[in-house]
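# Remarks on the overall topology
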Amino acid sequence: MSRAGRIVGFLCCAILFGRPGPAAERYDPRLQFRTIATPRFYIHYHQGEEDLARRLARIAEETHDRLTPAIGRARSRARTHVILVDQDDLSNGWARSFPYNVIQINASPPDAADLIGNTDDWLRMVFTHEYTHVLHLDRAGGLMGGLRYVFGRAPLLFPNQFLPVWQIEGIATWSESAFTGSGRIRSGDFREIVGAAARADGFEPIDRVNGGLVDWPDGHAPYAYGGLFHEYLAKRFSDRSLGSLADATGRRLPFLPIGAFRSAFGDGFGTLWSDFRKEMEAQSGRPAGQALRRLTHDGYVVGAPRWGSDGTRIFYSRQSPHEFPSLMSVVPGRQPVRLVNRSGGVRTAVFNETAYYDQLEYVRSVGLQSDLYRLNLTDLRVERLTSGARALDPDLSPDGSRIACVIDDHGEKAMALFDLAGGSRTPTIVARGADTQYGAPRWAPDGTAIAAERRVVGGPFEIVLFDPAIGTLETIVSGGGRNAEPEWTPDGRWILFTSDRAGGPLDVYAVERRSRRLVRLTSVTGGARAPSVSPDGRSIAVIGYTADGYDIFTVELPALDSLPSTPLDAVADENSEGRDATPAGEDRTYDPWTSLHPHYWTPVIEQDNDQIEAGVATTGSDVLGRHTYAADVRWGSAGARPDWRAAYVYDRWRPAVFAFVSDDRSRFQNRNFRDRNADVGASIPFRRVLRLQTATASLHASEETAECVPGPGCDQPIRAGVDRRAIRGAWFVTTARTYAYSISPEDGLTASVAAEAALDALGSSGDATTLTAQIRGYPAFGRRHVVLAVRAAAAASWGDRTVTRFFGAGGSSADPPGGLGRGAIGLLRGYDLDDVVGSRAAVLNVDLRVPIRYIERGVGRWPLFFKSLHAAAFVDAADAWERRLDPDTVKITLGAEVSVDTVLGFSLPMTFAGGVAWRHDGAGRLPEGAVVFGRIGRAF
């Protein structure tokens, strides 16, 4: 590996094992964090979250007391770090136990009808899920526990971290429901993921839910199958048996949990899984209820449908494994039409030839936040209406002058109005409340009211009416289950909404505005939700579910007065729950030192030329990722003094500042080599949903010395060396994208430029300039996921010969863009990197990449999953020279390769490739003819 490659690899390992990601890429630098310390937790929060953080601190302590009797305690007695952040309009959380226990929670709550929306307290549910991960993953007993006493919290000493994904996510998904009374396990639409598959004889085998599945149910499979399997185990054996299972797997070596189920339950895993499958198939029954007319066959995920003004088209959002998320339209009886990219967002409003929708975009390259957009349906021109508003769920007033929407703000969602004729780009909030979430506002046909979802923490799911003229609220539906996604009939008498009040999946109901009579409109096996009534009042468009995923369906709207009805109980106009604002613990400014110290060390063994080196290494980071460091020291046979490396990144602000120093000695034959390096610089990303740019600048210093020791081939001691003192800069941009079924980057390009100026004035052995550049394009070619991948790269170094660089043009895979080392541009399959070397080099690569088969199968419970098989025919042309390129000396290889995409260890994607190249050297100096090669990863 080149020196530059070692530096990059070393820093990557520091980041990979030391923290989830750089701070300035995780958190907006404007966020000022404080910490609440409770007996068992550090709650890290930023400005605007004070009340939310205090409530989370109490939830954390209460949850610990409820979970530990059943699941058991974490091995670590140190406080668990909990990061509460409000910069993304996505409902999510994550947890990890290496190198210390840490949880992050996004404050933004989910919509009521979401798969994770079955909760009256988002903080409690998500914390229960993530803290279950902490209690589960931190286990280590037996040999693994003993090794922790020696090495500390080293990454390989967390056996439960190496379990199948369904087992890791399954126990947490079960826990979120078992200990909160809500959550996904208690949601009929979530249970349908397994139920619909069972009815269709498509119950997933265990190897397809281990991790890596792309077929539907895609990433939901480990949660659904794992969660329901753990529910089955808990009911059959007891809650505490799951804690016994966690203990049993925590005493075993990584990836070798065989026998843990028999130890905990008395039966082997195969028997238990078979029994679980039989029970789920028995519960699923046969399809029943009314039939819907299916309009789309996309599967996967679709967003709320909306009829156009003329009643001929239905608009909806679509997330597909084959392309970028989009805004779609469909005319009943015809194929759907893709209109425009749409990154996130669910609801759409349509007025004549204009559509209004929300979507996500990066703000300051960090937070994914929602804003409102307008699409001209005639020419598909897009206009952004708001900026930085965090506005979502738009609906247009009947006169087309105002938009009702929702504003996401510090764990609450407020209702707002946006005047399209006004000059402001920020909506005006008209209804909000402490611990309250509004959602899915919909204007009445006469414009006198807005129907919306409302949830108050600890209270029922409600449908409320807001009067925009006087600002009053009236509760029209409350309790009985989830009530969400209101919609009006054209005459304004009835309000349709989604509810699971009958148990099972969500279905469509209607309530008469005046009399509060309730009628059920759909009774569908897979459920129906997000109703949209056609302008003529004759049909409803809904989202339905099948074993393929979600699609758009229609059903006739019957005469509502003729349907059997039940009266709704009277409800109060307001529903709020008081919150104790008493601090739950000591509150202070965030201190990185509580987590920054080293938590582990690991042995290191490396081969350097003809010697073996052994030593120790460690990495560390504070919980917010502001400081990251890595260091190792190694001893070998070249001398008594050790080799060492150290790296540090300060990432509180943009740009991030980094430093790297190393001292490396090696011996080859009868020569001693010493290589000392130092780099200090800054890097800043510019991130958008469809584009990423990164700029880097640094100062580099290195000393390379070689000493000849008297012996064969060396009559007397000789010492030679090169000092390089240089200024470096690099720029990288990519618009290429990779989808779930992609075999290659697609639909865009990647470009990079890197430069180095070695200056005698800085102490360099001479003046020299180095420049590398490359561009990669990935246009579609024919059918879906077939890509014509093209790469052009060039490098040159000129100046004093002592400090000029040399580049290899060979190799079977390309280094990442932006390098300056020997392998910065090389890719000539069939030749080694050093077969074609010069101070100037150029490479051209053309691949035709074709998918052969999507395998989507694993090997039982083993940590190996085969995703896809694909092939490529390629042509490579390259050469390296000193003064002038001679076209007659260009090296050309033609050939073909076959690749298999896999997932190793249940979560690590890896591509293995092998091929044959036919070689031709125009200069006639290198070997020619056919040669076989292998590679890990894509060529480029």
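Structure's up top.
Analysis parameters
- Residues numbered from 1 in each chain as written.
- Predicted model: local features only at pLDDT ≥ 70, side-chain atom pairs only at ≥ 80, totals over all residues.
- Heavy atoms only, no water.
- Helix = DSSP H or I, 4+ residues; strand = E, 2+ residues; numbered from the N terminus.
- Rg over C-alpha atoms; globule rule 2.2 N^0.38 Å.
- Buried < 20%, exposed > 50% of the residue type's maximum accessible area, 1.4 Å probe, protein only.
- Contact = heavy atoms within 4.5 Å.
- 1 Å grid on protein atoms, 1.4 Å probe; cavity = no way out; pocket = protein on both sides within 12 Å on 5 of 7 lines; lining within 4 Å.
- Points joined across faces, edges and corners; volume = space filled by probe spheres on them.
- Core = buried A, V, L, I, M, F, W, Y, C linked by side-chain atoms within 4.5 Å.
- Pairing = 2+ DSSP bridges.
- Axes fitted to C-alpha atoms, helices over the stretch in contact; angles between N-to-C directions.
- Phe/Tyr/Trp six-rings, centres within 6.5 Å; stacked < 30°, edge-to-face > 60°.
- Lys NZ or Arg CZ within 6 Å of the ring centre and 35° of its normal.

All right, on to the overall build of the protein then. When helices and strands are counted, the protein shows 13 helices and 50 strands. Whereas a compact globule of 940 residues would reach a radius of gyration of roughly 30 Å, the protein reaches 31 Å, a difference of no more than 12%. Seen through its C-alpha atoms, the protein measures out along the principal axes to roughly 105 × 60 × 55 Å. Here the protein holds 940 residues, and the buried ones make up 55% of them. Within the protein, contacts between residues at least 6 apart in sequence are counted, and of these 57% link residues at least 24 apart.

On to empty space enclosed by the protein, then. On inspection of all chains with the given rule, the structure shows 10 cavities of 30 Å³ or more. Quantified by volume, the largest cavity comes out at close to 130 Å³. In terms of lining residues, the largest cavity is bounded by 16 residues, among which Pro109, Trp122, Gly411, Gln437 and Val457 are the most central. Elements with a contribution of two residues or more to the lining of the largest cavity: helix H3 (50-71), helix H4 (122-137) and strand E21 (450-456).

Ile105, Phe127 and Phe229 are the most contacted members of the largest nonpolar core, which has 84 residues in total. When residues in this core are grouped by element, the largest group, 9 residues, is from H3. If sequence neighbours within four positions are ignored, Ile105 has contacts with Leu56, Val82, Ile83, Leu84, Val85, Asn92, Gly93, Trp122, Leu123, Val126 and Phe127. In this structure, Tyr778, Ala793, Leu827 and Tyr831 belong to the second largest nonpolar core, which totals 21 residues.

Sheet architecture is open: 4 strands sit in the order E12-E13-E14-E15, paired in antiparallel fashion. Looking at strand neighbours, the two that pair on one side only are strand E12 (348-351) and strand E15 (382-384), the edges of this open sheet. Strand after strand, the sheet turns through a mean of 35° between neighbouring axes, direction not considered.

What follows concerns unusual backbone geometry. Omega for the peptide link from Phe98 to Pro99 comes to -5°, which places this bond in the cis form. Locating Pro99 in the fold gives a position in the loop between strand E4 (93-96) and strand E5 (102-106). You will see that Asp218, though not glycine, has its phi angle at about 50°, which is positive. With respect to the secondary-structure elements, Asp218 resides in the loop between helix H8 (206-209) and helix H9 (221-237).

The next thing to look at is the pairing of strand E14 (residues 367-376). Most of E14 sits inside the fold, with 8 of its 10 residues counted as buried. As judged from the 10 bridges shared by strand E13 (residues 354-363) and E14, these two strands associate in the antiparallel manner. Of the residues in E14, the one forming a bridge with Leu360 is Ser370. Hairpin geometry of E13 and E14 is characterised by an intervening segment of 3 residues between the two adjacent antiparallel strands and by a positive phi of about 50° at Arg364.

Our next topic: the pairing of strand E11 (residues 337-341). Two faces, one strand: in a regular strand the side chains alternate between the faces of the sheet. Of the pairings in the sheet, the one linking strand E10 (residues 326-330) to E11 comprises 4 bridges and is antiparallel in character. Residue pairing for E11: Leu327 is matched across the bridge by Val340.

To continue, consider the packing of aromatic side chains. Applying the stated criterion across every chain yields a total of 36 aromatic pairs. Ring centres 5.6 Å apart and planes at 70° place the aromatic pair Phe41 and Phe127 in the edge-to-face group. Of this pair, Phe41 sits in strand E2 (residues 41-46) while Phe127 is found in helix H4, placing the two residues 86 residues apart along the sequence. Phe127 carries the same exposure label as Phe41, and that label is buried. Members of the aromatic cluster, connected to one another through ring pairs, are Trp166, Phe203, Tyr225, Phe229, Tyr232, Phe237, Phe261, Phe265, Phe269, Trp273 and Phe276. If you follow Arg654 out to its NZ or CZ, it ends over the ring of Phe686, 5.8 Å from the centre. The residue whose ring lies beneath Arg829 is Phe874, and the NZ or CZ to ring-centre distance is 4.0 Å.

What follows covers the sheet that holds strand E26 (residues 507-512). In space, the 5 strands of this open sheet follow the order E24-E25-E26-E27-E31, with antiparallel pairing throughout. If you trace the sheet from one side to the other, it starts and ends with strand E24 (483-488) and strand E31 (566-567), each paired once. Taken together, the 3 bridges between E26 and strand E27 (residues 517-520) define a ladder with antiparallel strand orientation. By the bridge assignment for E27, Val511 is matched with Leu518.

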